[in-house]
Amino acid sequence: MRFWSRYFIPTLKESPADAEIPSHRLLIRAGLVRKLGGGLYTYLPLGHRVMQKISRICREEMERSGAIELSMPHIHPAEFWADGPRWGPVREIMFRADSAGAGKRGQKEPDLVLGPTHEEVITPLVKAEITSYRDLPKTFFQIGTKFRNEIRPRYGLMRAREFSMMDAYSFDADDQGATRSYLAMKAAYEAFFRRVGAQAIAVEADTGVMGGSFSHEFMVPAEVGDNDLFYNEESGYAANREKARSAIVPEGLAVAAPEHAMEEFPTPGVVTIAALEAAPYGVPADRQFKTLIYIGDGRPFAVILRGCDDLEEAKLGSLGFTLLRPATPEEIEPIMGAKPGSLGAVRDTVRNLPALAGIYADHAIRLVGNGTTGANRDGFHLRHVNVARDLQITSFGDFRRICAGEPDPVGGRPLKVRRGIEVGHIFKLGTKYSERIDAGYTDDKKQRHLFVMGCYGIGISRTLQAVIEQSHDGDGIIWPWAIAPFQVLVCLLDPQDSGAALVAGRLAAAAERGGADVLVDDRNERPGVKFKDADLLGIPLRITIGGRGLREGIVEMRWRGAAETLKIAVDESEARVEAAIRERA
RNA sequence: CGGGGUGUAGCUUAGCCUGGUAGAGCGCCUGGUUUGGGACCAGGAGGUCGCAGGUUCGAAUCCUGUCGCCCCGACCA
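The structure reproduced in this document is the subject of the present report. Because the structure is predicted, anything quoted here is derived from the model rather than measured.

About the thresholds
Residues numbered from 1 in each chain as written. Chains lettered and ligands numbered in written order. Predicted model: local features only at pLDDT ≥ 70, side-chain atom pairs only at ≥ 80, totals over all residues. Heavy atoms only, no water. Phe/Tyr/Trp six-rings, centres within 6.5 Å; stacked < 30°, edge-to-face > 60°. Helix = DSSP H or I, 4+ residues; strand = E, 2+ residues; numbered from the N terminus. Buried < 20%, exposed > 50% of the residue type's maximum accessible area, 1.4 Å probe, protein only. Expected span 1.5 Å × (residues − 1). Pairing = 2+ DSSP bridges. Salt bridge = Lys/Arg side-chain N within 4 Å of Asp/Glu carboxyl O.

Comments concerning the packing of aromatic side chains
Pairs of aromatic rings are described using the distance from one ring centre to the other and the angle between the two planes. Under the counting rule described, the total for this entry stands at 14 aromatic pairs. With a centroid separation of 5.8 Å and an interplanar angle of 80°, the aromatic rings of Tyr7 and Phe486 are classed as edge-to-face. With Tyr7 in the loop between β1 (2-3) and α1 (22-29) and Phe486 in the loop between β26 (476-477) and β27 (488-492), the pair connects residues that are 479 residues apart, well separated along the chain. In this structure, Tyr7 and Phe486 share a single accessibility class: buried. For the ring pair Trp481 and Trp559, a centre distance of 6.1 Å and an interplane angle of 55° mean the geometry is tilted.

With respect to helix α6 (residues 175-196)
With 22 residues, α6 should cover 32 Å at 1.5 Å per step; its first-to-last C-alpha distance of 31 Å lies within 8% of that length. Where α6 is concerned, the buried positions are Gly177, Ala178, Ser181, Tyr182, Met185, Lys186, Ala188, Tyr189, Ala191, Phe192, Phe193 and Val196. A positive backbone phi angle near 85° is found at Gly197, which sits one or two residues after α6.

A short note on the pairing of strand β19 (residues 380-386)
As paired elements, strand β13 (residues 263-266) and β19 share four bridges and run antiparallel to each other. Its bridge partner being in β19, Phe265 is matched across the sheet by His381. Counted along the chain from strand β18 (residues 370-374) to the antiparallel partner β19, the turn is five residues long, and its residue Asn376 has a positive phi close to 60°.

Examining the pattern of salt bridges
Per the counting criterion, the structure on display carries 44 salt bridges. One salt bridge connects Arg154 with Asp226, and the closest N-O pair in it is separated by 2.7 Å. With Arg154 in the loop between β7 (138-147) and β8 (162-172) and Asp226 in the loop between β10 (214-221) and β11 (227-232), the pair connects residues that are 72 residues apart, well separated along the chain. Taking the shortest distance from any N to any O, the salt bridge between Lys290 and Asp310 comes out at 3.9 Å. A residue pair is termed long-range when its members are at least 10 positions apart, and Lys290 in strand β14 (residues 289-296) and Asp310 in the loop between β15 (299-306) and β16 (324-326) qualify at 20 residues. For Lys290, a relative accessible area of 17% puts it in the buried group.

In structure tokens:
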């Protein structure tokens, strides 16, 4: 039981100017956090309590799933990262942790870095400590601080540079085992998000820089989220934008037969899809082939899409490149023979075909069949180009960005789209990390194999804010019972009245017997101030004790977010409060 | 890193265009009156106007640079 007058809950009437979204404003106004710098926050006592509760529930669910808790350093020798498979892309967001010293070593490669996650630390550990199939499988987890020099911290705890994360790593003997570990973790995640009161849904996700074979993201639907989720409730399909597929191209659709002989025609100055759509050409965008040149790990390659489609860059990851960027016009011209705007992938028109690592076509171009594309000659295009007869294609794949309304790939129902906050992510990694550092075990036939790994993360601090974003009203936060900083607020309107204070003490004790964390507002403030603060803090159950009620022999009980106030007789109030709490908890 | 914005008291801000003693509300301190939805009165403390240069008799205000922060883009838990 804590007394507000002796605790520390600095609430604010007005929002700080730099908080834009409701959850960020409420974090600050309700006295949960204060900003130290961009993406850096102090957890005040209330915020700290919520973090502790979320962490505890997370720990319980991880342990229930069989995962084993440990704790790794935050500071890592940089060589562990340099030896790992993703140093190149990841180092850009890593802080260096070298001696502040006299600034003498600033330009050198770092000796020490701050951990953004721990695959590069735990894989060598397991390599050294686990050598037999008898010790598998194992899943380890920890809950702690991560450091990422995000290019753009945002929205308070939503994307911070220092944040709290639960990270877990599974090691299995084989692929089936890894899938079992993955599914166990997925179930643990679902239980965790349910318990903390977050309405998170699992969606298929891209594996990104993490690599690996498949993955799910856990998303809290919210307008302020920066992920697009495509879904259909009836079919149960859900995926994020990077991964989402649609069934606009029927299975096994045959490419239309050629209709005419291909022919070149002049298109002076036409370098966009839109210009070719316009008079005098009048070629609809969905009858055009768009040819894009990218550089993947230093090698150029081409992607063909319908003119009306956009490339979903993340989907290029399926081609196996780790560093991707669009090619520059200077890089393109010597290879293709033309500048962007006149490119095509028609056989024999590419000037230096061997320079291309491949020509990858989106399935949807089969819907076009015969269309128009660039001639690899500035100012000329080709019409009556047939996908099968004329285009030089290495392989087909899914590269386009899908749109809401397209049929979902499971049942063909229209896909809907909404925004979401990513609060958790699970990856089936495979052997990407174990192979890199040759981490493996010996089986019962004395054969050596690589560990098949999975890795898993839950943003603890981000979950905190996502819950607020999902559960608030115009007056303040509405905490789910399980993670509320306090579950019961005893609102003592006349702290000077010893009779009222006595009742308050008894009710607070009763609430604690019921299993609640109790805060007593014993401040010398006017009732209006206390009520406003109570709503702002969002403690689930408020018990109000005031002179007016006591004269009638009653106290009041009100659930945050509920419209009605329950009046209960003082004599039965202790039993009623205790019972109400037991029922809720 | 590109684009846009912003920096004045603990918080929210006015003043800046058109240079001339830095103002308000909240919060805080003292006293009094109040006390069921952010009270009222009286008094008070608190600001080298982000920082550094420059222009000027004079700069919060104009110019240059720099730093911080916020928002939009690519990335992430």
